[in-house]
Amino acid sequence: MISIKNVKKIFSTKSGQVRAVDDVNLDIAEGEIFGVIGYSGAGKSTLIRMLNGLELPSEGQVLVADNEVSSIKGSKLRKARQEISMIFQHFNLLWSRTVQENISFPLEIAGVDKSERLKKVNELIKLVGLDGREDAYPSQLSGGQKQRVGIARALANNPKVLLCDEATSALDPQTTDSILELLVDINERLGLTIVLITHEMHVIRKICHRVAVMEDGKIVELGKVLDVFKKPQAEITKRFVQQVTEPEETKETVQHLVDLYPNGQIVQLAFVGDSAEQPLITNLIRNYQVTVNVLQGKISQTHSGSYGTLFIHVDGEKDEVAKAIEFIHSENVGVEVISHD
Ligand SMILES: Nc1ncnc2c1ncn2[C@@H]1O[C@H](COP(=O)(O)OP(=O)(O)OP(=O)(O)O)[C@@H](O)[C@H]1O
Ligand SMILES: [Mg+2]
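Residues numbered from 1 in each chain as written. Chains lettered and ligands numbered in written order. Predicted model: local features only at pLDDT ≥ 70, side-chain atom pairs only at ≥ 80, totals over all residues. Heavy atoms only, no water.

By the naming in an unreviewed UniProt entry, the protein is D-methionine transport system ATP-binding protein, taken from Cytobacillus purgationiresistens.

What follows is the structure, given as structure tokens:
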């Protein structure tokens, strides 16, 4: 569906040249939810803007839905853009228009007649869950509802590709989840290809099939989300994975735990995409003469398994504790023994 070939984007600024996108090659399949993650300035927006022709590459080729977006112009480009929609962090709604009128806008531009417009708008309002709010103005809506309008408007012309530039970054965690669920629903129902960029790993974990990690204009890692979570290669990817597996507060309290449990061992277990924490602990207790206490941690369940960190305290005879820890190591979970002995 999308093919990016040897693409570079170089901006000339007063202070010199900026390589915003530096030799990127990427293929995204039809129906895929593809995530691009990177820190600020990595080149994510520049890359995604080349997919709908808002930016032209300095070098290379961009193909989307059989159109060479990087070379077509004028009416051809406008037509191609109807197949490539976009939603934004700050929604970009028309403030003087109601929900219904906002969603209708791209249909008016495309010259769709009034009765058909109304029909389509009503369908879209149902699809994004805004029934009853048709006549509200954007200023009367919550952030999540505004983004639902953004999504409905983006879907008006039956696009093949939906681009999302930090579409949930202005929303609280719960609203983020509901918008992500809506995107999954749309992807499954309409078979829409979705490319989303974010700096939050939980967004990737929650809905993406594959992910590319960007740093300094380059793709430094690319793969299936689960594989990347399990075996992050690049340093930057490891940091992103930690966002999900290691809540900040746990690090701070580790020393406290060590002081609290002078005997035995404190072990930090990291689970990435395995539903293994229950059997692991059951087996520990069953097969070794040790006591196991779960001290703290956070595990979140997703469609691709559980992610998170658990701190456990393993106590007993020194030999048994050592055997138990050896067993944990053999179980293919991330293990770090923290306390002294
Ligand atoms: N129009 C422009 N002119 C000059 N430099 C630009 C332009 N647009 C982007 N850049 C530069 O290109 C680099 C990549 O910017 P880009 O907006 O793609 O990053 P990003 O990954 O989307 O960051 P963020 O997470 O902050 O949105 C940055 O160094 C930026 O300053
Ligand atoms: Mg950006």
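This part is about the site of ligand 1. All residues in the neighbourhood of ligand 1 are listed as Phe11, Thr13, Val18, Ala20, Tyr39, Ser40, Gly41, Ala42, Gly43, Lys44, Ser45 and Thr46. Within the side chain of lysine 44, one N or O atom sits 2.7 Å away from an oxygen atom of ligand 1. Residue serine 45 places a side-chain N or O atom 2.8 Å away from an oxygen atom belonging to ligand 1. Looking at the shell around ligand 1, the elements with two or more residues in it are strand S1 (2-13), strand S2 (16-28) and helix H1 (44-51). No other element matches the three residues that H1 contributes to the shell around ligand 1. Counted by class, the shell around ligand 1 contains five nonpolar, six polar and one charged residues. (Near = heavy atom within 4 Å. Polar contact = N/O pair within 3.5 Å; in protein donor to acceptor, adjacent residues only side chain to side chain. Helix = DSSP H or I, 4+ residues; strand = E, 2+ residues; numbered from the N terminus. Nonpolar A, V, L, I, M, F, W, Y, C, P; charged D, E, K, R; others polar.)

Here the focus is the UniProt feature "domain: ABC transporter" (unreviewed entry) in the protein. As annotated in UniProt, the feature "domain: ABC transporter" (unreviewed entry) corresponds to residues 2-241 in the numbering used here. As annotated, residues 2-241 comprises 39% helix and 28% strand, and the C-alpha atoms at either end are separated by 26 Å. (UniProt positions renumbered as here; feature names shortened; annotations may be inferred.)

Summarising burial for H1: six of the eight residues are buried, a large majority. Among the residues of H1, those classed as buried are Lys44, Thr46, Leu47, Ile48, Met50 and Leu51. Among the residues trailing H1, glycine 53 stands out with phi positive, at a value near 75°. (Buried < 20%, exposed > 50% of the residue type's maximum accessible area, 1.4 Å probe, protein only.)

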